Amino acid sequence: MVDSTVDEARIAHYAAKLEFEIDAWDLRAMQAAVVIIDARAADAYEKEHIPDAVSFPHRTMNKDTTAHLRRDVLYVTYCDGVGCNASTKGALNLARLGFCVKELIGGLDWWKRDGYATEGGWPTLAAADAKCPC
């Protein structure tokens with residue numbers, strides 16, 4: 001038998017996750033209604049990014065650089081994926097500045113795994129030349 005308090009805690013936990021995270025399928029379905037922010041460094045964006053995404057590296061987000069952003073839309077931040085936390089840092093920055101934001105779980109990696117197109121064009125770097133994109 002499961003304690004009803006535990007059930008309520010589970011419901012609250014999963015509802016909170018969905019409040020702050022979005023997956024690739026849901027993002028694709030509502031892509032035209034949100035602003036997608038690539039929170040990685042600009043050169044990583046140039047190499048490959050989600051179509052219609054805006055390059056806005058998390059390290060450059062502050063009160064002045066976000067002053068032009070609309071306050072009546074949902075922002076979705078993303079980065080490379082599981083091994084990168086630029087999207088988390090970007091989402092935190094935007095939330096601290098009062099914007100409505102969600103984080104794309106799995107980032108660019110899971111976006112591609114779900115079969116969605118990307119844009120960009122830089123050649124793939126050799127492992128020895130790789131650097132953290134965030």
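Here is a short report on the structure shown in this document. All values derive from a computational prediction rather than experimental measurement.

1. A closer look at the packing of aromatic side chains
By convention here, two paired aromatic rings are described through the distance between centres and the angle between planes. According to the stated counting rule, one finds two aromatic pairs in the structure shown. Ring centres of Tyr-75 and Phe-99 lie 5.5 Å apart, and the angle between their planes is 85°; on these two criteria the pair is classed as edge-to-face. With a gap of 24 residues between them, Tyr-75 in strand S4 (residues 74–78) and Phe-99 in the loop between helix H4 (86–96) and strand S5 (100–104) connect regions that are remote in the sequence. Ring centres of Trp-111 and Tyr-116 lie 4.8 Å apart, and the angle between their planes is 45°; on these two criteria the pair is classed as tilted. Take Trp-111: its relative accessible area is 1%, and that puts it in the buried class. Here Arg-71 stacks its cationic end above the ring of Phe-99, 3.9 Å away from the centre of that ring.

2. Some remarks on the environment of Gly-98
Within the secondary structure, Gly-98 is located in the loop between H4 and S5. By relative accessible area, which is 54% here, Gly-98 ends up exposed. Distance in space between the C-alpha atoms of Gly-98 and Arg-71 is 8.1 Å, their sequence separation being 27 residues.

3. Here we look at the nonpolar core
Among the nonpolar cores identified, the biggest contains 15 residues, and Leu-27, Ile-36, Ile-50, Val-76, Tyr-78, Leu-104 and Trp-111 are the most heavily contacted of them. Those elements giving two or more residues to this core turn out to be helix H2 (24–29), strand S2 (34–38), S4 and helix H5 (107–113). For this core, the element with the most residues is S4, which contributes three residues. Formed by ten residues, the second largest nonpolar core is a distinct cluster that contains Ala-91, Leu-94, Phe-99 and Val-101.

4. Observations concerning the sheet that holds S4
Here five strands make up an open sheet; going across it, the order is S1-S5-S4-S2-S3 and the pairing parallel. Sheet topology places strand S1 (21–22) and strand S3 (54–55) at the edges, where each strand pairs with a single neighbour. With two bridges joining them, S1 and S5 adopt parallel strand pairing. Among the inter-strand pairings, Ile-22 is bridged to a residue of S5, identified as Leu-104. This element, H4, spans S2, S4 and S5 of the sheet and lies at about 150° to S4.

What counts and how
- Every chain's residues receive numbers from 1 upward, in the order its sequence appears when written.
- Two thresholds apply to this predicted model, a pLDDT of at least 70 for residue-level local features and 80 or more for giving and counting side-chain atom pairs, whereas whole-chain, interface and lining totals are computed over all residues.
- Only hydrogens and water are removed before side-chain values are computed, so all heavy atoms of the structure are retained for them.
- When two rings of Phe, Tyr or Trp (its six-membered ring) have centres within 6.5 Å they constitute a pair, described as stacked for plane angles under 30 degrees, edge-to-face for angles over 60, and tilted for the intermediate range.
- Numbering of helices and strands runs from the N terminus, with a helix taken as a DSSP run of H or I at least four residues long and a strand as a DSSP run of E at least two residues long.
- Only protein chains enter the calculation, and the probe is 1.4 Å; a residue is then buried if its accessible area is under 20% of its type maximum, exposed if over 50%, and partly exposed in between.
- Each ring is checked for a lysine NZ or an arginine CZ that lies within 6 Å of its centre and within 35 degrees of its normal; such an atom marks a charge sitting over the ring.
- Here, the term nonpolar core denotes a set of buried Ala, Val, Leu, Ile, Met, Phe, Trp, Tyr and Cys residues that are joined through side-chain atoms within 4.5 Å.
- Strand pairing is assigned whenever DSSP identifies at least 2 bridges connecting the two strands.
- Throughout, a contact is declared for two residues whenever any of their heavy atoms are within 4.5 Å.
- All axes here are fitted lines through C-alpha atoms, helices being fitted over the stretch that makes contact, and every angle between N-to-C directions spans 0 to 180 degrees.

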